[in-house]
Amino acid sequence: MRMKGIIKDFILNSIAAGVLCHRRLRMKIYRLYGAEIPADCEIKPRCYLGLGKGHLKIGGGGTFVNYECWFDLGADIVIGNKCNIAMNVTFMNSDHDVADSERRAGMYHPKPIIVGDGCWIGANSLIMPGVTIGNGVVIAAGSVVTKDCESDCLYGGVPAKKIKEL
């Protein structure tokens, strides 16, 4: 079983994520491994897809994922229609309990992430486990989103807070 994981990781995160892999081939490889990505979506090279039990589901309407994004996939990650995800955004959807001093990372807890339609997530943002981002939300660059975001608002900061309604 370990060999299957190594092969899957190599195909997804070396071949498909490579800058020499054609866009259509990249999408075919992602779909082969369970991602739901429509033909009008684009995922740039050097994105990482985790090997967890979750699936990546991306809506249509030209949703765009820029370079070097990270999808943990401990649980499902759902991104809506007509979204723009800037470079180096991390979708971290697994966490651990704090355990004893012998090993602090305790019980593993994957939680889904949902991004609504029409969202724009700025560069170098971190989306944490279990977060739902409403429709039409803008996440400012460098933000850490730890809580749900209501629709049609601008969020920013560490941790991200509502800055204004749009």
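Higher on the page you've got the structure.
Residues numbered from 1 in each chain as written. Predicted model: local features only at pLDDT ≥ 70, side-chain atom pairs only at ≥ 80, totals over all residues. Heavy atoms only, no water.

Participant: Which residues make up the overall build of the chain, and what values do they have?
Facilitator: Across its full length, the chain holds 2 helices and 18 strands. Taken over the C-alpha trace, the chain has a radius of gyration of 16 Å; the compact-globule value for 166 residues is 15 Å, and the two agree within 12%. With the principal axes as the frame, the chain shows a C-alpha extent of 50 × 45 × 20 Å. When the 166 residues of the chain are sorted by exposure, 42% land in the buried category. In the chain, once contacts between residues fewer than 6 apart in sequence are set aside, the share between residues at least 24 apart is 20%. (Helix = DSSP H or I, 4+ residues; strand = E, 2+ residues; numbered from the N terminus. Rg over C-alpha atoms; globule rule 2.2 N^0.38 Å. Buried < 20%, exposed > 50% of the residue type's maximum accessible area, 1.4 Å probe, protein only. Contact = heavy atoms within 4.5 Å.)

Participant: Give a description of the state of the cysteines that names residues and reports values.
Facilitator: Tallying each qualifying case throughout the model produces 0 disulfides. No disulfide involves Cys21; its sulfur sits 12 Å from that of Cys47, the nearest cysteine. Left without a disulfide partner, Cys83 is nearest to the cysteine sulfur of Cys119, which lies 4.8 Å away. The exposure class assigned to Cys83 is buried, which follows from its relative accessible area of 0%. (Disulfide = S-S within 2.5 Å.)

Participant: Give me the environment of Ile79: which residues, what numbers.
Facilitator: Tracing the sequence through the fold places Ile79 in strand E6 (residues 77-79). On the accessibility criterion, Ile79 (1% relative accessible area) is buried. Distance from Ile79 to Ile58, taken between C-alpha atoms, is 4.7 Å for residues 21 residues apart in sequence. Leaving out residues up to four positions away in the same chain, Ile79 has contacts with Leu56, Lys57, Ile58, Gly59, Thr63, Phe71, Ile85, Phe91 and Val115.

Participant: Hey, could you go over the sheet that holds strand E4 (residues 64-65) for me, with residue numbers and the actual values?
Facilitator: In space, the 7 strands of this open sheet follow the order E1-E4-E7-E12-E15-E17-E18, with mixed pairing throughout. The strands lining the two open edges of the sheet, one partner per strand, are strand E1 (42-43) and strand E18 (161-165). As judged from the 2 bridges shared by strand E12 (residues 120-121) and strand E15 (residues 138-139), these two strands associate in the parallel manner. Along E15, the bridge assignment pairs Ile121 with Ile139. (Pairing = 2+ DSSP bridges.)

Participant: Tell me about the pairing of strand E10 (residues 105-110), residues and numbers included.
Facilitator: Along any regular strand, the residues point their side chains to alternate faces of the sheet. With 4 bridges joining them, strand E9 (residues 94-98) and E10 adopt antiparallel strand pairing. Note that in E10 the partner of His96 across the bridge is Tyr108. In this antiparallel pair of consecutive strands, E9 and E10, the connection spans 6 residues.

Participant: Please set out unusual backbone geometry residue by residue, giving values where relevant.
Facilitator: Glycine aside, a negative phi is what most residues show, and trans is what most peptide bonds show. Following Val158, the chain continues to Pro159 via a peptide bond in cis, the omega torsion being -5°. You can see Pro159 is positioned in the loop between strand E17 (153-156) and E18. For Asn88, which is not glycine, the phi torsion reads 65° and is therefore positive. Tracing the backbone through its elements, the reader meets Asn88 in the loop between strand E7 (84-85) and strand E8 (90-91). We note that Asp152 has phi near 55°; this positive angle belongs to a residue other than glycine. Here Asp152 shows up in the loop between strand E16 (144-145) and E17. Exposure remark for Asp152: the relative accessible area of 41% places this residue in the partly exposed category.

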